[in-house]
Amino acid sequence: MRWSRIYLYTTREIPADAEVVSHQLMARAGMIRKLAAGIYTYLPLGWRSIKKMMEIVRREMDAAGAVELSMPAIQPAELWQETERWEVFGDLLLRMKDRNERDFCFGPTHEEVITDFVRRDVRSYRQLPFNLYQIQTKFRDEIRPRFGLMRAREFLMKDAYSFHTSEESLAETYEAMRQAYCRVFEDCRLEYTMVEAASGAIGGSGSHEFMVLAETGEDAVVACSNGDYAANTEKAETGGLEPPPAEEPIEMREESTPGATTVAEVTELLGVGPEKLVKTMLYDTDVEPVAVLVRGDREVNEVKLASYLGVNHLQLAGEEKVERFTGAPVGFAGPVALSESVRLIGDESARPLVNFVCGANKADAHYVGVNWDRDVKVGEWADLLLVGAGDPCPRCDGTLELSRGIEVGHIFMLGAKYSKAMECFYSDEKGELHPMEMGCYGLGIGRTVAAAVEQNHDENGIIWPVPLAPFEVLVMSLNPQDDEVRRTADDIYDQLVAEGVDVFYDDRDERPGVKFKDADLIGIPIRVAVGAKSLAEGKVELSLRRDREKHLVAPAEAAARVGDLLAELGA
Ligand code: ATP
Ligand code: MG
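Since the structure is predicted, the reported quantities are computational estimates derived from the model, not experimental observations.

Trainee: Would you take a moment to explain the pattern of salt bridges for this structure?
Mentor: Side chains bearing opposite charge may pair, as long as their charged atoms lie close to each other. Counted according to the given criterion, the structure contains 46 salt bridges. A salt bridge links Asp187 to Arg59; the nearest nitrogen and oxygen atoms lie 3.0 Å apart. With Asp187 in helix α6 (residues 167-187) and Arg59 in helix α2 (residues 44-63), this pair connects stretches of sequence that are 128 residues apart. The closest approach of N and O atoms between Asp520 and Arg548, which form a salt bridge, is 3.0 Å. Taken as a pair, Asp520 in helix α13 (residues 512-522) and Arg548 in the loop between β30 (540-544) and β31 (550-553) lie far apart in primary sequence, 28 residues in all. For Arg548, a relative accessible area of 37% puts it in the partly exposed group. One connected set of salt bridges, linked through shared partners, spans Glu19, Glu142, Arg146, Arg151 and Glu218.

Given below as structure tokens:
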């Protein structure tokens, strides 16, 4: 492909909303263009990388035994009502009506659609298992679309769905898909890690996420330094926090704590550590408000809480509600006598505390010397802790470390959640009906390409890993008005094309400085520069975008040397 024929305009301008480097560079490199918030055109150069990503995914899905199909983007509301996700998905769902006032949505995922046709087609255990996938446009009306393709509203996802007669069969396919995902991210040359994950609105029993590690990642993951445990903090557990030193219970008394509404203020005033305090967090949920008790130096994990309660939405209650339920302004809530007005749930981290401090449910006062059972009855204890760096590993005596990741893939053991809700049954050998066991497997196409840029760039531009590069080789004629330069560059380009090399040719009538800057920006891995100066000495310049070392070679050898370099890069 020649630059003069492709539609490609690079720019120095960074879009005002481009916070992360992948967004900035892909926009500047003329790969993507914003149409509206979170909605992008993939320009020709960008589409080439996207297509390469899709080919890698197709290859690995096919190899893992998944079969490709393509489902509609627009889905009828009735299916979503069957699973109750018409409500659960809330504002993420882009809803619309047709001319007959029937409700539809633009699909954010396809469990409903696939389960609907499978329940019509599949009757017998003999037809199971199978695994179907598609690469298709999704729409999620994200609250904060940002980071370009990384958190878009309209985006490409590979989604696969498998159907089984048993948990064992599901586990087998899940494992095959897990391995296929590993191969996909290895094929892309990405540094990634697989972590235990919460299953969120998709639901189900077990799930793993694939994270590309990057500072700009929106997810926090913990991993044990010994390598035996890694999890999204949404899901992560600890081996248990260190218990406080043993103490004899003292009498409970009230202390005046005027204006002390934060843990820091209270502990300073009372001269105790924050780990001696119990925080009472009042949450509003779809069902009823609950008060969660957590150690003063720790935070509640709201994802764990929602899944423990089996609710879809929750948020910290507002001032007015806190006052209504506790009788005190925010900052003075405590569990003593609170169980009369609200459901109390204790986080395990707070359970070993003795003689602790908590709010007295009236303004400017805290209790000191509070003890469970004697002073506070808590009916429910659960692990609701937000795990952090330095916490003990749940698997060994190691310590957890915290890092940031971009979730590029997410696989779920759904079990019978959707098949039960939608009556997707099969009959076994005896003719008895059972709901099918299901798995689902998502992978973000655009997000993975963007993540590759996050991991592979320098101050001048993108440094594509070969498998995702829009082209593998760039030929540049540095002085195109010079007949010999142009002819030599044309020849090398033609020869590479004839050899089937994935080559791009900067044949524009631009200054060498402009061409080198653009070459750095668009980041094609191998570069052949043909310029008057080196050509006078019978040479052209070969270099790699990554290390910039220049190799002077005779024009006639250039194509062969490019072949060697590609082989070295493992293309
Ligand atoms: P997130 O937590 O980042 O919102 P999710 O958990 O809702 O994502 P899944 O439902 O697991 O996403 O979707 C499968 C994959 O689709 C994700 O792993 C991700 O790679 C991709 N994906 C999800 N949402 C977006 C988005 N808004 N833009 C681009 N890719 C996305
Ligand atoms: Mg996910």
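Following the structure, the description resumes.
Trainee: Explain the packing of aromatic side chains here, please?
Mentor: For any pair of aromatic rings, the description consists of the separation of the ring centres together with the inter-plane angle of the planes. Enumeration according to the criterion identifies 16 aromatic pairs in this entry. Pairing Tyr181 with Phe185 gives two aromatic rings, centres 6.3 Å apart and planes at 70 degrees, and the pair type is edge-to-face. Highlighted residues: Tyr181 and Phe185, both in helix α6, separated by four residues, approximately one helical turn. Comparing Tyr181 with Phe185, the two get one shared label, buried. Residues Phe356 and Trp372 carry aromatic rings whose centres are separated by 4.5 Å and whose planes lie at 40 degrees to one another, so their mutual orientation is tilted. Residue Phe356 is located in strand β18 (residues 356-359), and its partner Trp372 is located in the loop between β19 (365-370) and β20 (380-382); the two are separated by 16 residues in the primary sequence. Using a relative accessible area of 11% as the deciding quantity, one classes Trp372 as buried. Chaining the aromatic ring pairs together yields one cluster made of Tyr181, Phe185, Tyr192 and Phe210. Directly above the aromatic system of Trp86 lies the positively charged group of Arg95, at a separation of 4.6 Å from the ring centroid. Seen from the ring of Trp3, Arg508 lies directly overhead, with NZ or CZ sitting 3.6 Å from the centre.

Trainee: Is there a simple way to think about the sheet that holds strand β16 (residues 314-316) in this case?
Mentor: To summarise the sheet geometry, strands pair through backbone hydrogen bonds and adopt either a parallel or an antiparallel arrangement. Reading across the sheet, the five strands line up as β16-β14-β15-β17-β20 and stay open at both edges, with mixed pairing between neighbours. Either end of the sheet is taken by a strand with one partner, and the two such strands are β16 and β20. Pairs of neighbouring strands in the sheet enclose a mean axial angle of 35 degrees, with direction left out of account. In terms of strand pairing, strand β17 (residues 343-347) meets β20 through three bridges, oriented parallel. What sits directly across from Asp347, in β20, is Ala382.

Trainee: Would you explain the environment of Ile492 in this entry?
Mentor: Here Ile492 lies in helix α12 (residues 483-498). For the pair formed by Ile492 and Lys430, sequence separation is 62 residues and the distance between their alpha carbons is 69 Å.

Trainee: Help me out: how do you make sense of the site of ligand 1 in this one?
Mentor: Ligand 1 sits among 16 residues. The nearest are Glu142, Arg151, Ala152, Glu407 and Val408. In the complex, 87% of the free accessible area of ligand 1, which totals 590 Å², lies under the protein chains. Secondary-structure elements contributing two or more residues to the shell around ligand 1 are β8 (154-164), β21 (400-415) and β24 (437-444). Broken down by element, the residue count for the shell around ligand 1 peaks at four residues, all from β21. For the shell around ligand 1, the class distribution of residues is seven nonpolar, four polar and five charged.

Trainee: Got a minute to help me understand unusual backbone geometry in this structure?
Mentor: Apart from glycine, the bulk of residues carry a negative phi angle, and the bulk of peptide bonds sit in the trans form. Between Leu128 and the following residue, Pro129, the backbone shows a cis peptide bond with an omega angle of 0 degrees. Here Pro129 shows up in the loop between α5 (111-121) and β7 (130-139). Phi is positive for Glu101, which is not a glycine, with a value near 65 degrees. Its identity as a non-glycine residue notwithstanding, Phe147 has a phi of 65 degrees, on the positive side. By secondary structure assignment, the location of Phe147 is in the loop between β7 and β8. With relative accessibility at 6%, the residue Phe147 sits in the buried group.

Trainee: Can you help me understand the pairing of strand β5 (residues 94-97) in this one?
Mentor: Strand residues, when the strand is regular, have side chains that alternate between the two faces of the sheet. Note that β5 and strand β6 (residues 103-106) share four bridges and pair antiparallel. If you follow Leu94 over to β6, its bridge partner there is Phe106. Between β5 and β6, which follow one another and run antiparallel, lie five residues, and Glu101 among them has a positive phi close to 65 degrees.

Trainee: Looking at this structure, I do not really get the environment of Val67. What am I missing?
Mentor: Locating Val67 in the fold gives a position in strand β3 (residues 67-68). Residues Val67 and Leu269, spaced 202 residues apart in sequence, show a C-alpha to C-alpha distance of 65 Å. The residues contacting Val67, other than those within four sequence positions of it, are Asn131, Leu132 and Tyr133.

Trainee: Honestly, the packing of α12 against helix α15 (residues 555-568) in this entry has me stumped. Any pointers?
Mentor: Each pair of packed helices can be described by the angle between their axes along with the distance between the axes. Where α12 meets α15, the axes come as close as 10 Å, and the angle between the chain directions of the two elements is 35 degrees. Read as a crossing pair, α12 and α15 show a hand that is right-handed. Residues Thr488, Ile492, Gln495 and Leu496 of α12 touch α15, and the partners they reach there are Pro555, Ala558, Ala559 and Val562. Across the contact of α12 with α15, the residue classes tally to six nonpolar, two polar and no charged.

Trainee: What is the right way to look at the domain arrangement of the protein in this model?
Mentor: How big an interface is tends to be reported as the loss of accessible area on association of its parts. Examined at the domain level, the protein breaks down into domain 1 (21-237 + 402-453), domain 2 (253-382) and domain 3 (471-568). Here domain 2 and domain 3 have C-alpha centroids that lie 67 Å from each other.

Trainee: I'm lost on empty space enclosed by the protein in this one. Help?
Mentor: Take a probe with the size of a water molecule and roll it over the atoms, and the empty space left behind shows itself. For the structure shown, the criterion picks out one cavity of 30 Å³ or more. The computed volume of the largest cavity comes to approximately 50 Å³. The element best represented in the lining of the largest cavity is β21, accounting for three residues. The residue makeup of the lining of the largest cavity, split by class, is three nonpolar, two polar and five charged.

Trainee: When you look at the sheet that holds strand β4 (residues 74-76) in this model, what are you seeing that I'm missing?
Mentor: Taken in spatial order, the three strands line up as β4-β6-β5 in an open sheet, and their pairing is antiparallel. Bordering the open sheet on either side are β4 and β5, each of which pairs with just one other strand. Sheet twist, expressed as the average angle between the axes of neighbouring strands with direction ignored, equals 35 degrees. In the sheet, β4 pairs with β6 via three bridges, with the strands oriented antiparallel. Paired with Gln75 across the bridge in β6 is Cys105.

Conventions we followed
- Residues numbered from 1 in each chain as written.
- Chains lettered and ligands numbered in written order.
- Predicted model: local features only at pLDDT ≥ 70, side-chain atom pairs only at ≥ 80, totals over all residues.
- Heavy atoms only, no water.
- Salt bridge = Lys/Arg side-chain N within 4 Å of Asp/Glu carboxyl O.
- Helix = DSSP H or I, 4+ residues; strand = E, 2+ residues; numbered from the N terminus.
- Buried < 20%, exposed > 50% of the residue type's maximum accessible area, 1.4 Å probe, protein only.
- Phe/Tyr/Trp six-rings, centres within 6.5 Å; stacked < 30°, edge-to-face > 60°.
- Lys NZ or Arg CZ within 6 Å of the ring centre and 35° of its normal.
- Pairing = 2+ DSSP bridges.
- Axes fitted to C-alpha atoms, helices over the stretch in contact; angles between N-to-C directions.
- Near = heavy atom within 4 Å.
- Areas by Shrake-Rupley, 256 points an atom, 1.4 Å probe, with all protein chains shown as cover.
- Nonpolar A, V, L, I, M, F, W, Y, C, P; charged D, E, K, R; others polar.
- Contact = heavy atoms within 4.5 Å.
- Left-handed = near helix turned anticlockwise from the far one by under 90°.
- Domains from an automatic or database assignment.
- 1 Å grid on protein atoms, 1.4 Å probe; cavity = no way out; pocket = protein on both sides within 12 Å on 5 of 7 lines; lining within 4 Å.
- Points joined across faces, edges and corners; volume = space filled by probe spheres on them.

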